[in-house]
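Residues per chain, in single letters:
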Amino acid sequence: VQLQASGGGSVQAGGSLRLSCEASERTFKIYSMGWFRQAPGKAREFVATRSYRDRRTFYADSVKGRFTISVDNARNTVYLQMNSLKPEDTAVYYCAQSPYYTYSDLTEISKYDYWGQGTLVTVSS
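Residues numbered from 1 in each chain as written. Predicted model: local features only at pLDDT ≥ 70, side-chain atom pairs only at ≥ 80, totals over all residues. Heavy atoms only, no water.

**Student:** I'd like a description of the state of the cysteines, backed by residues and values.
**Tutor:** Counting across every chain of the model gives one disulfide. The residue that forms a disulfide with Cys21 is Cys95, at a sulfur-sulfur distance of 2.1 Å. With the S-S bond torsion at 65°, the cross-link from Cys21 to Cys95 turns out right-handed. Here Cys95 lies in strand S9 (residues 91-98) and Cys21 lies in strand S3 (residues 17-23), a separation of 74 residues in the sequence. Among the residues examined, Cys21 registers a relative accessible area of 0% and is labelled buried. Among the residues examined, Cys95 registers a relative accessible area of 0% and is labelled buried. (Disulfide = S-S within 2.5 Å. Helix = DSSP H or I, 4+ residues; strand = E, 2+ residues; numbered from the N terminus. Buried < 20%, exposed > 50% of the residue type's maximum accessible area, 1.4 Å probe, protein only.)

Next comes the structure, spelled out in structure tokens:
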């Protein structure tokens, strides 16, 4: 499976961006999809995920209420809508695919087996 992420860019604080991640195969019914990010000099961290089992979504506390993950099965695409962006949201964002479906697993980087190439989001104050 190949994942192609896009939609990053530069935006001022308070603005919005929508990231997209297109999968090369129809996988969303048997794989969970997640978004992670890595800021300069920091470790990669969990942002949001959607379980394939029951379609529940989970978010990091830092983005809860501002970001929304969704999928379009017809387009094989998962989205991350990011609103009310803050400078601390600046990072390279990665989409990833996981065969797991529980919250405890889906927040772990090691539980994802396919990754997109990353797309840069820069939020200025």
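**Student:** Describe in detail the sheet that holds strand S8 (residues 77-82), supporting the description with residues and values.
**Tutor:** As a general point, the strands of a sheet are linked pairwise by backbone hydrogen bonds and lie either parallel or antiparallel. Strand order in the open sheet made by the four strands is S1-S3-S8-S7, with antiparallel pairing throughout. Taken across any chain shown, the strands that pair with only one partner, and hence form the sheet edges, are strand S1 (3-6) and strand S7 (67-72). Looking at each pair of strands side by side, their axes are set apart by 15° on average, direction ignored. Here S7 runs beside S8; their pairing, made up of six bridges, is antiparallel. Directly across from Val71, in S8, lies its bridge partner Val78. (Pairing = 2+ DSSP bridges. Axes fitted to C-alpha atoms, helices over the stretch in contact; angles between N-to-C directions.)

**Student:** I'd like to hear about the pattern of salt bridges, residue by residue, with values.
**Tutor:** Between side chains of opposite charge, a pair can form as their charged atoms come close. As enumerated under the stated definition, the model contains six salt bridges in all. Lys64 is paired through a salt bridge with Asp61; the nearest N and O atoms lie 3.1 Å apart. Look at Asp61 and you get exposed, because its relative accessible area is 65%. Linking Asp72 and Arg75 is a salt bridge whose minimum nitrogen-to-oxygen distance equals 3.4 Å. Judged by its relative accessible area of 24%, Asp72 is partly exposed. Overall, Arg75 belongs to the exposed group, its relative accessible area being 56%. The network of salt bridges with common partners includes Arg37, Glu45, Arg66 and Asp89. (Salt bridge = Lys/Arg side-chain N within 4 Å of Asp/Glu carboxyl O.)

**Student:** Describe the pairing of strand S5 (residues 45-50), and please don't skip the residues or the numbers.
**Tutor:** Among the six residues of S5, five are classified as buried, and the element is accordingly described as predominantly covered. By the bridge criterion, five bridges tie strand S4 (residues 32-38) to S5 in an arrangement that is antiparallel. Within S5, the position partnered with Met33 by the bridge is Arg50. Where S4 folds back onto S5 in an antiparallel hairpin, the turn is made up of six residues, including Gly41, whose phi is positive at roughly 75°. In the sheet, S5 pairs with strand S6 (residues 57-59) via three bridges, with the strands oriented antiparallel. Its bridge partner being in S6, Arg50 is matched across the sheet by Thr57. What sits between the antiparallel neighbours S5 and S6 is a turn of six residues, in which Arg55 has the positive phi angle 65°.

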